[in-house]
Amino acid sequence: MSAGEKAKAKTEQAQGKAEETLGRAVGNDRMAAEGQARKSKGDARESKEKAKDAFKH
């Protein structure tokens with residue numbers, strides 16, 4: 001996994017988790033859903049990079 005893509009994935013996951021938590025805390029369902037979507041996008045990016053790494057070796 002390239003360092004840049006790994007960093008992007010971790011950043012998206014952290015931002016998404018924070019946004020989701022904040023949305024739930026203030027009762028904003030839309031913000032919570034957007035945060036969950038961002039976290040999922042980061043998870044998908046991380047999975048993609050891991051798959052690419054698995055086929056390199």
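Now for a quick tour of the structure. Just so we're clear, the structure is a prediction, and the values are computed from it rather than from any experiment.

This part is about the overall build of the chain. Helices and strands together make up the secondary structure of the chain, namely 2 helices and 0 strands. Relative to its length of 57 residues, the chain is extended, with a C-alpha radius of gyration of 13 Å against a globular reference of 10 Å. Each of the 57 residues in the chain was classed as buried or not, and the buried ones make up 26%. When contacts within the chain are restricted to residue pairs at least 6 apart in sequence, those whose partners lie at least 24 apart make up 50%. By element, 54% of the accessible surface of the chain is carried by carbon and sulfur atoms, the whole surface being about 4,100 Å². Taking the average place of the 14 positive charges on the side chains of the chain and the average place of its 10 negative ones, the gap between the two points comes to 3 Å.

Okay, helix α2 (residues 29–56) next. One turn of the α-helix equals 3.6 residues, which is why residues spaced by three or four share an orientation. Taking 1.5 Å of rise per residue, 28 residues should cover 40 Å, and α2 covers 41 Å from first to last C-alpha, within 8% of that figure. Taken together, the buried positions of α2 are Ala 32, Gly 35, Gly 42, Arg 45, Glu 46, Glu 49 and Asp 53. Contacts made by the buried residues of α2 are with α1 (3–26). For α2, the capping residue at the N-terminal end is Asn 28, with a side-chain oxygen 3.2 Å from the backbone nitrogen of Arg 30.

If you walk through the whole model with that rule in mind, you get 11 salt bridges. Across the salt bridge formed by Glu 46 and Lys 10, the nearest N and O atoms sit 3.1 Å from each other. Of this pair, Glu 46 sits in helix α2 while Lys 10 sits in helix α1; the two residues are 36 residues apart in sequence, bridging distant segments of the chain. The salt bridge involving Lys 41 is made with Glu 12; its shortest N-O contact spans 3.9 Å. Taken together, the positions of Lys 41 in helix α2 and Glu 12 in helix α1 put the pair 29 residues apart, joining distant regions of the chain. Looking at Glu 12, the relative accessible area reads 12%, which means it is buried. Salt bridges sharing common partners tie together Glu 5, Lys 8, Glu 12, Lys 41 and Arg 45.

The rules behind the values
Residues numbered from 1 in each chain as written. Predicted model: local features only at pLDDT ≥ 70, side-chain atom pairs only at ≥ 80, totals over all residues. Heavy atoms only, no water. Helix = DSSP H or I, 4+ residues; strand = E, 2+ residues; numbered from the N terminus. Rg over C-alpha atoms; globule rule 2.2 N^0.38 Å. Buried < 20%, exposed > 50% of the residue type's maximum accessible area, 1.4 Å probe, protein only. Contact = heavy atoms within 4.5 Å. Areas by Shrake-Rupley, 256 points an atom, 1.4 Å probe, with all protein chains shown as cover. Lys, Arg positive; Asp, Glu negative; His and termini not counted. Charge placed at Lys NZ, Arg CZ, Asp CG, Glu CD. Expected span 1.5 Å × (residues − 1). Polar contact = N/O pair within 3.5 Å; in protein donor to acceptor, adjacent residues only side chain to side chain. Salt bridge = Lys/Arg side-chain N within 4 Å of Asp/Glu carboxyl O.

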